[in-house]
Each structure stands twice: as C-alpha cells, then as structure tokens.
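Spelled out from the first residue to the last, the chains are:
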Amino acid sequence: MVEGKGISQAVISRLPRYFRYLGELRDDGVERISSQDLSRLMKVTASQIRQDFNNFGGFGQQGYGYNVEYLYQEIGKILGLDVEHHLIIVGAGNLGQALANYMNFEKRGFITQGIFDINPELYGKEVRNLTVQPMDKIEQCIQENNIDIAVLTIPKNSAVKVAEKLVGYGIKAIWNFAHVDLNLPDGIQVENVHLSDSLMKLSYTISCYENQK
C-alpha cells in the first residue's frame, strides 16, 4: 500500500463508497471485478476508478481486473479500518441514542465505550449495552478505555467548550454533529456533519430536476 499523503479530498471522500461496494461484492461471492464492471455498478467512470486507485499504487493488472477481497482489505487499511477505534458519544438525546444503537459501527471496528449527557433524568438509562453517565465521568472513561474519537450530538452553544475540554483530556478526533464548525488545534481531526446541509443539497437537486421538466 502507498501512503495517501497529498491525496485530494475528492478521492478520499470516494474511498468509503468503494469499500462499501466491494464489501457487498465480497459477501455475494464475487472474486474478481474489472474497472468497467465496477464503473457500471457504482455509476463512476472506469477512468476515475483507475485514477483513484493509482493514487495508492493501482491494485489491479491490465486485462485481469481487481481481486475483490484484496482490494477490500487494502482500502480498509487506507481508511484505518485495520485497527480498532474506541469512541464515546457526548449527548444522549435522540441522535446520540440512535448512533449508540447502530451496530454497523462495531463491524467496522468503531467500538463505543461510553455515552454521556448533562441531563440527570437520563443518568442510568440503558442504550443497548451502554449506560448514560454524567459529564464529569468523561475524563476517567477516556483515560481508562484509550478513547481516540468523541462524537458530539449536543447543542451548538455548548459544543465548542465541550470540544476544547475533550481535546484537553486527550481526544484525537471529533465527529461533530453540533450545528457549528469546530476550529481546534493542529493535529486534532474534526469531521463536521451538518444534517440540514445535506437536506438542503437534496432540495436543490429536486428544484433543478423540476425546472428541467
């Protein structure tokens, strides 16, 4: 595998989709696939697929295609899925509980070790195999469970302060669902997820389609 330094965000954003489709092909018993067949399946041009994979060394042979299992494993390594990541969820509302209940994260190696909230009425509530705990238990959980990712599902007015505390506790990355962009020190990885932005993009595509009729 070739290191992905300097790879464009557009390429990186396509890797999880490649990984997902290859996993489905593997589960269906497909052993080899050409870039043309993968192109038809994913609605991405074959040349784009080859260009994307060439950023990491290619993976295939001319006229022979790709070994599905090998390519699946190699893309998993590029995405860092060959090691376990331990995470906590900060915010035990509807979204936080839904994420805690999503078992597919564990299949990908993302192990949820705790869920926390400021609301005393939620303390002790069972969410799958987790118990909602007060915020003052977060630091201990991070230190005892080697937590590297925090998931924020809290209001934006408290997200910045909470994120700064988490960084101080040793968190390396934040998956942020709060409706505010986080600007944290260099070396702290942040993925801002704005659900309303995605819905507005969908609204735009609907509008464009309707106007073309």
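Residues numbered from 1 in each chain as written. Predicted model: local features only at pLDDT ≥ 70, side-chain atom pairs only at ≥ 80, totals over all residues. Heavy atoms only, no water.

Quick look at the layout of surface pockets
Remark: the empty space left among the atoms is shown by a probe the size of a water molecule rolled over them. As a reminder of what qualifies: A 1.4 Å probe that fits into a set of points on a 1 Å grid over the protein atoms alone but cannot get out defines a cavity; an open set with protein on both sides within 12 Å along at least five of seven lines defines a pocket, and lining residues are those with an atom within 4 Å of a point. Grid points are joined across faces, edges and corners, and a volume is the space filled by probe spheres set on the points. Runs of E in the DSSP output that reach at least two residues are strands. Runs of H or I that reach at least four are helices, and both are numbered from the N terminus. Charged means Asp, Glu, Lys or Arg here, nonpolar means Ala, Val, Leu, Ile, Met, Phe, Trp, Tyr, Cys or Pro, and polar covers whatever is left, Gly included.
Considered as a void within the structure, the largest pocket measures approximately 1700 Å³ in volume. Along its surface, the largest pocket is lined by 38 residues, and P16, L79, F110, W175 and E191 are the ones closest to its centre. Elements with a minimum of two residues in the lining of the largest pocket: α1 (9–27), α4 (68–78), β3 (85–90), α6 (104–107), β7 (149–152), β8 (173–176) and β9 (189–192). Considering each element in turn, the lining of the largest pocket owes the most residues, 12 residues, to α1. In this structure, the second largest pocket occupies an estimated 350 Å³ of space. Forming the boundary of the second largest pocket are 17 residues, of which V90, I118, M135, I154 and V162 lie nearest the centre. Of all elements in the fold, only β4 (110–117) and α8 (156–168) reach the threshold of two or more residues within the lining of the second largest pocket. Per-element accounting of the lining of the second largest pocket gives the leading share, 5 residues, to α8. For the lining of the second largest pocket, the per-class residue count stands at 10 nonpolar, 3 polar and 4 charged.

Considerations on the nonpolar core
Quick reminder of the rule: For our purposes a nonpolar core is just a set of buried Ala, Val, Leu, Ile, Met, Phe, Trp, Tyr and Cys residues, chained together by side-chain atoms within 4.5 Å. Exposure classes here rest on a 1.4 Å probe applied to the protein chains alone. A residue is buried below 20% of its type maximum, exposed above 50%, and partly exposed in between. When checking whether two residues touch, look at their non-hydrogen atoms; a contact exists if any pair is within 4.5 Å.
If you look at the biggest cluster of nonpolar residues, it comprises 21 residues, and the most contacted ones within it are Y18, F53 and I75. Of all the secondary structure elements, the ones that give two or more residues to this core are α1, α2 (35–42), α3 (46–54) and α4. In terms of residue count, α1 provides more of this core than any other element does, 7 residues in total. With residues near it in sequence (within four places) discarded, I75 still touches L15, Y18, F19, L22 and F53. Within the second largest apolar cluster, 20 residues are counted, among which are I88, I138, V162 and L166.

Some words on the environment of E24
Note on placement: E24 falls in helix α1. With relative accessibility at 40%, the residue E24 sits in the partly exposed group. Placed 173 residues apart in sequence, E24 and D197 show a C-alpha to C-alpha distance of 28 Å.

What about a nonpolar patch on the surface?
The following threshold applies: Patch rule: a residue counts if its relative accessible area is over 30% and it has no salt bridge; like charges are joined within 9 Å, and nonpolar side chains (Val, Leu, Ile, Met, Phe, Trp, Tyr) within 5 Å. To measure how exposed things are, a 1.4 Å probe is used in the Shrake-Rupley method; for residues, cover is taken only from the protein chains shown. Salt bridges, as used here, are contacts in which a Lys or Arg side-chain nitrogen is within 4 Å of a carboxyl oxygen on Asp or Glu.
Residues L199, L202 and I206 make up a contiguous nonpolar surface patch of about 310 Å² in total accessible area. Within the fold, I206 resides in helix α9 (residues 195–212).

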